[in-house]
Amino acid sequence: MEAADVFLPAVAWCRARQLQDNQTEARRKKRRLQLQATRRLRLKKLHETWMLREKVCKQSRLHRLCAHDKWMKAITHHFLRDRMRRRPKVWFHPRTSNWWESTAATFTDDQWLQDFRVSRGTFSYLCTTLKPQLKRQDTTYRLCIPLQKRVALTLYKLANPCDYKTVADLFAVGVASVCRCVHEFCTAVIEVLKPQLVVTPNTSQLVKMADFFYHTYGIPQCISVLDSMHIAVIKPPHYQSEQPNRESYLAILLHAVVDDKGMFWDLTMNCPTWMNDSSGELLECEDFSIRMLNVCGTDSRCFIIGDSGYPSQHWLLKPYTNTSWLTAEQELFNTQISQARSVSQCAFERLKGRWRCLNKRNDCNVDIVKDMVETCCVLHNLCEKNKDTFLPDWIGHEPLQTVNGKPQRKCETDSVLALQQLIQDD
């Protein structure tokens, strides 16, 4: 066998085998290319799908953010609307003030005096003197109550036994405004006018007072009269004491010293206390006693006439206890004391007749009631100083008679004359 016969088939087989390997490799390469193309197409589709999904998510997220922003704005708007002060639909209720602006402006002097208890001159003096304390300024929101109106409504409240609602309707203002005006007026009067009108008399004035009481009532070394008055009040919420009996009532006790002209030169008031109409017990104030002792002197150079209900003091001159064993001189002394006390009785009658708010129970706060009472006393001195007219019908009973131009009661005058005749006969 020849070598060619062996070598040629081997070469043919190798060539066939190489051709087969090349074809296989070509198929693999083609398949690889197809797989790569398919993978790229798939990746492209996945990228497009992811981009589309990302776009949808962004749009959805943006939509949610916009909705959340709108929701937060709505919540903030409602929160601020509820928290912010709502502007009232009506800032003040419309009222007609025709009575003050039209009717009161045309009052005669008698009509003005009947409603406000002071003359027009005294009213102008009050407005001028208290202007720095009572003057208010208009704002962009509302107009203030004029000064004359503030003074007039306070005087009307003090001069008439009416409530705040009546004064508010009459002057076309609110009830709270009336209460505030009254309180501010009383505070201003106490701060400005009281140091000028309620003043302790000096030595020369004390001498004149002593001469008056000696020549008019026959009582030497007496300078003034001490008297008191009850002002009924409503029970405060914090007041712990209970009503002792059905006839008792809660009241503030005013102690006032009256001079020969019927004017007050010293005032003091205590805390609300249960009183009885039939009780004559009066309370003692240490500060008041010290002031009176300083005026009268420790050596009792002067005395102040008082009622038998007051406790004994070095400066106080009281009547004898009313028993069946009194001598004619003692009865004459008691009658003279009672006659001299008519000065304070007349002053208190004029006080209550001019300021009728003191004649009924006052339902205001106790501190405000004290300020109102003190203001009435100061205004009483002002009216007496200016010699304002006092009408007799303001007093509920027959007015006091006068002796030497001073108030006296007819029964007391007759009893004094009878006792003096009895002593002379003896």
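Residues numbered from 1 in each chain as written. Predicted model: local features only at pLDDT ≥ 70, side-chain atom pairs only at ≥ 80, totals over all residues. Heavy atoms only, no water.

- Identification of the protein as Protein ANTAGONIST OF LIKE HETEROCHROMATIN PROTEIN 1-like isoform X1 from Cottoperca gobio is taken from an unreviewed UniProt entry.
- Its UniProt record gives the protein the following Subcellular location (unreviewed entry) comment, quoted word for word: "Nucleus".
- Under Cofactor (unreviewed entry), UniProt gives the following word-for-word description of the protein: "a divalent metal cation". (UniProt positions renumbered as here; feature names shortened; annotations may be inferred.)

## Section: the overall build of the protein
Next, step 1: Looking only at helices and strands, the protein has 14 helices and eight strands in total.
Next, step 2: Of all 426 residues assigned to the protein, the portion counted as buried reaches 39%.
Next, step 3: Taking as baseline every contact in the protein between residues at least 6 positions apart, the subset at least 24 positions apart corresponds to 67%.
Next, step 4: Of the roughly 26,700 Å² of accessible surface on the protein, a fraction of 54% belongs to carbon and sulfur atoms. (Helix = DSSP H or I, 4+ residues; strand = E, 2+ residues; numbered from the N terminus. Buried < 20%, exposed > 50% of the residue type's maximum accessible area, 1.4 Å probe, protein only. Contact = heavy atoms within 4.5 Å. Areas by Shrake-Rupley, 256 points an atom, 1.4 Å probe, with all protein chains shown as cover.)

## Quick word on the pairing of strand β3 (residues 264–269)
Next, step 1: With five of its six residues buried, β3 lies for the most part within the structure.
Next, step 2: As judged from the five bridges shared by strand β2 (residues 249–258) and β3, these two strands associate in the antiparallel manner. Each residue of the ladder has a partner; that of L254, found in β3, is M269. (Pairing = 2+ DSSP bridges.)

## Observations concerning a nonpolar patch on the surface
Next, step 1: A surface patch of nonpolar side chains, about 300 Å² in accessible area, is lined by W71, M72 and I75.
Next, step 2: Note on placement: M72 falls in helix α1 (residues 3–83).
Next, step 3: In this structure M72 comes out as partly exposed when scored by relative accessible area, which is 37%. (Patch = residues over 30% accessible without salt bridge, like charges linked within 9 Å, V, L, I, M, F, W, Y side chains within 5 Å. Salt bridge = Lys/Arg side-chain N within 4 Å of Asp/Glu carboxyl O.)

## Topic: the pattern of salt bridges
Next, step 1: Throughout the structure, instances matching the rule amount to eleven salt bridges.
Next, step 2: Salt-bridge contacts for E184 lead to R150; the nearest nitrogen and oxygen are separated by 2.2 Å. Here E184, found in helix α8 (residues 175–197), pairs with R150, found in helix α6 (residues 147–159); they are 34 residues apart in sequence, far enough to count as distant.
Next, step 3: Two residues, R350 and E384, come together in a salt bridge whose shortest N-O distance is 2.8 Å. With R350 in helix α12 (residues 342–354) and E384 in helix α13 (residues 366–386), this pair connects stretches of sequence that are 34 residues apart.
Next, step 4: One salt-bridge network, held together by shared partners, links R136, R150 and E184.

## Concerning the nonpolar core
Where a protein is soluble and globular, its nonpolar side chains tend to be buried together.
Next, step 1: Residues F116, L155, F171 and W355 are the most contacted members of the largest nonpolar core, which totals 80 residues.
Next, step 2: For this core, the element with the most residues is α13, which contributes eleven residues.
Next, step 3: The residues that make up this core include at least three from each of domain 1 (104–194) and domain 2 (202–236 + 248–398 + 409–425).
Next, step 4: The residues touching F116, leaving out its near neighbours within four places in the chain, are W99, W100, A152, L155, Y156, A159, F171 and W355.
Next, step 5: Among the nonpolar cores identified, the runner-up in size contains 16 residues, and W265, V295, W315 and L316 belong to it. (Core = buried A, V, L, I, M, F, W, Y, C linked by side-chain atoms within 4.5 Å. Domains from an automatic or database assignment.)

## Considerations on the packing of aromatic side chains
Next, step 1: In total, this model carries 18 aromatic pairs according to the counting rule given.
Next, step 2: When the ring of W100 is compared with that of W112, the centres are 6.4 Å apart and the planes differ by 40 degrees; the resulting orientation is tilted. In this pair, W100 is assigned in helix α2 (residues 98–103) and W112 in helix α3 (residues 109–116), connecting sequence segments twelve residues apart. Pair check on accessibility: W100 and W112 agree, each one buried.
Next, step 3: Centre to centre, the rings of W100 and F116 are 6.3 Å apart; their planes meet at 80 degrees, and the pair counts as edge-to-face. (Phe/Tyr/Trp six-rings, centres within 6.5 Å; stacked < 30°, edge-to-face > 60°.)

## Regarding the state of the cysteines
Next, step 1: Using the criterion set out here, one finds zero disulfides in the structure.
Next, step 2: Between C377, a cysteine without a disulfide, and C376, which holds the nearest cysteine sulfur, the sulfur-to-sulfur distance is 6.9 Å.
Next, step 3: Note on C377: relative accessible area 1%, which makes it buried. (Disulfide = S-S within 2.5 Å.)

## Brief notes about the side chain of N160
Next, step 1: Mapping N160 onto the fold places it in the loop between α6 and α7 (164–171).
Next, step 2: Judged by its relative accessible area of 10%, N160 falls in the buried class.
Next, step 3: Not counting chain neighbours up to four residues away, the residues in contact with N160 comprise D115 and R356.

## So, the environment of F333
Next, step 1: Considering the arrangement of structural elements, one finds F333 in helix α11 (residues 328–340).
Next, step 2: Its relative accessible area of 21% is what places F333 among the partly exposed residues.
Next, step 3: On a C-alpha basis, the gap between F333 and Y320 in space is 8.1 Å, while along the polypeptide they are 13 residues apart.
Next, step 4: The residues touching F333, leaving out its near neighbours within four places in the chain, are L317, K318, P319 and Y320.

## Examining the pairing of β2
Next, step 1: Judged by how many residues are buried, β2 sits mostly within the fold: nine of ten residues are covered.
Next, step 2: Two elements, strand β1 (residues 222–232) and β2, share eight bridges in a ladder whose sense is antiparallel. Looking at the pairing, A232 lines up with A251 of β2.
Next, step 3: With three bridges connecting them, β2 and strand β4 (residues 273–275) associate as antiparallel partners. Looking across to β4, one finds that L250 is bridged to W274.
Next, step 4: Connecting β2 to the antiparallel partner β3 that follows it, the hairpin turn spans five residues, and G262 within it adopts a positive phi of roughly 75 degrees.

## As for the confidence of the model for the protein
Next, step 1: Predicted confidence across the protein gives a mean pLDDT of 83, with 85% of residues reaching 70 or more.
Next, step 2: Mean pLDDT across the elements of the protein ranges from a minimum in strand β7 (residues 401–403), with 40, to a maximum in helix α4 (residues 120–129), with 95. (pLDDT = per-residue confidence, 0-100.)

## Structural notes on helix α9 (residues 203–217)
Next, step 1: Its 15 residues give α9 an end-to-end C-alpha distance of 21 Å, which sits within 8% of 21 Å, the value for a rise of 1.5 Å per residue.
Next, step 2: Looking only at α9, the buried set comprises L206, M209, A210, F212, F213 and Y217. Projected down its long axis, α9 shows its buried positions confined to an angular sector of 160 degrees, all on one face. Facing away from the buried side of α9 by over 90 degrees, the exposed positions are T203, K208 and H215.
Next, step 3: Within two residues after α9, G218 carries a phi angle of roughly 75 degrees, on the positive side. (Expected span 1.5 Å × (residues − 1). Arc of directions from axis to C-beta.)

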